[in-house]
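Chain by chain, the residues:
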Amino acid sequence: MKRDSLLIRNIHTLATMDADDRVLHGGFLYVEGGEICQTGSGQRSLPKAQRQIDGSHAVAIPGLVNTHHHLYQTLTRACPAAADAGLFDWLRALYPIWARLDEESVHAAALVGMAELMLSVCTTTADHHYVFPRGQDNLIDVEIEAARRIGIRFHPTRGSMSVGASQGGLPPDSVVQPEEKILADCERLIGKYHDPAPGAMLRIGLAPCSPFSVSPQLMRDSADLARRRGVRLHTHLAETRDEEAYCLRRFGRRPLDLLEEAEWLNGGAWLAHGIFFNRGEVARLGRSGVGIAHCPTSNMRLGSGCAPVRALRRAGCPVGLGVDGSASNDSSHMLAEARQALLLQRLNNGAASCGVRDVLRMSTVEGARCLGRDDIGSLEPGQRADIALFDLRGLGYSGAGDALSALPLCAPAQVDTLVVDGRVVVEGGQLRTISVERTAARHRRLAARLFAAP
Ligand SMILES: [Zn+2]
């Protein structure tokens, strides 16, 4: 019997999310060294494993992939000044509070956001951190420390803002950085942390914040650096009509034209939101295989709009889901986001426009493709063992005719068992890697300090 082997057997419903979208009943998953080695159903003899889990009351799916977040924003949920604002006013209300972030608060914020994500079925998350107050140069380093401690697969992106209000940008000057310093820190983080190997638990990406907070030159330099170092690119794009008007007024270009001029459409990029694209732009995005992080709750919360998800997917874009930052959601519940995506598309385009399977594929395989990964997002031999099990005996699933459809159609549940890279990190609905009570108490104290500061 191999050390670190795991067998999940007799699984009530097992959604593989493989190319044939197979669903097995009474199936099993056998894991060795963090990799899925065997799966199937109907076998008489199963492999022997060091650890066994009975799946007879469970539906198993691949761990969900969150493609867009700002973890630090868990500190500023439901901020009164931003509770009822659209994007630009919402940002103006929050920037001065975020200007007081430090390492301790960002570490606590990351742990809380990651804990919420894991308990709501997420095994891989991206993060986009772009606020670096003066003297706070290691905020991504502390997020990475948090990810390692809690045991989530992590794709932090080094965000940036370089054009402050005095130069015609939206953020106050106190939170923007010189472009040479930004690029040097991107190089540092890639050199120190980026792991290009299959199965990696940590990969760095580069992420200038938005067209209204960085210069076209920084967009271009970031793309050059990403290509040179083999990392992915991420930014916010086409989120609001205000952004479109800003780009036309300041640069005489639409947001996607700016991106193309900065050489972002040559592969390796994924964009948050992607709401305001015209038909020709959707086709261009599809041809270049750009990924879209669809963030339905945030888009509804800020009244931004509804992304053309079906058209983007038909054009060839992988469309993943993102909870977005917790100041505009205001939660990190990944399964709830899948439900919101389903409901929003149906509200706008009819019930046939987005099926249960569509939204599950977006949350898993397509999210993984946004992050440039083909080793996660499905449950089949050769994939990393990122597995979520829900207990079908819960009140909210009672009477469900199809266990898989129940996941996005019933009220979003918490996960029962979560496995990341072969390691059981949630068991009986409880995180095993950190104390949720202590983490939340520290986070509440630091959030209160952030709001109370002069
Ligand atoms: Zn965002």
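For the structure itself, look to the data block above.
Below, the structure is looked at part by part.

Criteria and cut-off values
Residues numbered from 1 in each chain as written. Predicted model: local features only at pLDDT ≥ 70, side-chain atom pairs only at ≥ 80, totals over all residues. Heavy atoms only, no water. Core = buried A, V, L, I, M, F, W, Y, C linked by side-chain atoms within 4.5 Å. Buried < 20%, exposed > 50% of the residue type's maximum accessible area, 1.4 Å probe, protein only. Helix = DSSP H or I, 4+ residues; strand = E, 2+ residues; numbered from the N terminus. Contact = heavy atoms within 4.5 Å. Pairing = 2+ DSSP bridges. Axes fitted to C-alpha atoms, helices over the stretch in contact; angles between N-to-C directions. Phe/Tyr/Trp six-rings, centres within 6.5 Å; stacked < 30°, edge-to-face > 60°. Salt bridge = Lys/Arg side-chain N within 4 Å of Asp/Glu carboxyl O.

1. So, the nonpolar core
Then, in step 1: Formed by 123 residues in total, the largest nonpolar core has its most connected members in W90, W98 and F277.
Then, in step 2: With 10 residues, helix 2 (residues 103-119) is the largest single contributor of residues to this core.
Then, in step 3: Excluding residues within four positions of it along the chain, F277 makes contact with L237, A238, L256, L271, V282, L285, I292 and L312.
Then, in step 4: Core analysis: the next-biggest nonpolar cluster, separate from the first, contains 17 residues, I36, I387, L389 and V424 among them.

2. Quick word on the sheet that holds strand 5 (residues 35-41)
Strand pairing in a sheet relies on backbone hydrogen bonds, with the paired strands running either antiparallel or parallel.
Then, in step 1: The strand order across the open sheet built from 4 strands is 5-4-1-6, with neighbouring strands paired in mixed fashion. On the outer flanks of this sheet lie strand 5 and strand 6 (51-54), each paired with one strand and no other. The average angle at which neighbouring strand axes cross in this sheet is 15°, direction not considered.

3. Section: the packing of aromatic side chains
Then, in step 1: Following the criterion strictly, the structure yields 8 aromatic pairs and no others.
Then, in step 2: Here the aromatic rings of Y72 and Y130 are separated by 5.9 Å at their centres, their planes lie at 85°, and the arrangement is edge-to-face. Taken together, the residues span a long stretch of sequence, with Y72 in the loop between strand 8 (64-66) and helix 1 (87-98) and Y130 in the loop between strand 9 (122-129) and helix 3 (139-150) at a distance of 58 residues. When sorted by exposure, Y72 lands in the same class as Y130, which is buried.

4. Points about the pattern of salt bridges
Then, in step 1: Inspection of the entire model under this criterion finds 38 salt bridges.
Then, in step 2: Residue E116 pairs with R77 through a salt bridge whose shortest N-O separation is 3.0 Å. Taken together, the residues span a long stretch of sequence, with E116 in helix 2 and R77 in the loop between strand 8 and helix 1 at a distance of 39 residues.
Then, in step 3: Under the relative-accessibility criterion, R77 is labelled partly exposed at 27%.
Then, in step 4: With its nearest N and O atoms 3.0 Å apart, the salt bridge here joins D330 to R301. With D330 in the loop between strand 15 (319-321) and helix 11 (334-349) and R301 in helix 9 (residues 296-301), this pair connects stretches of sequence that are 29 residues apart.

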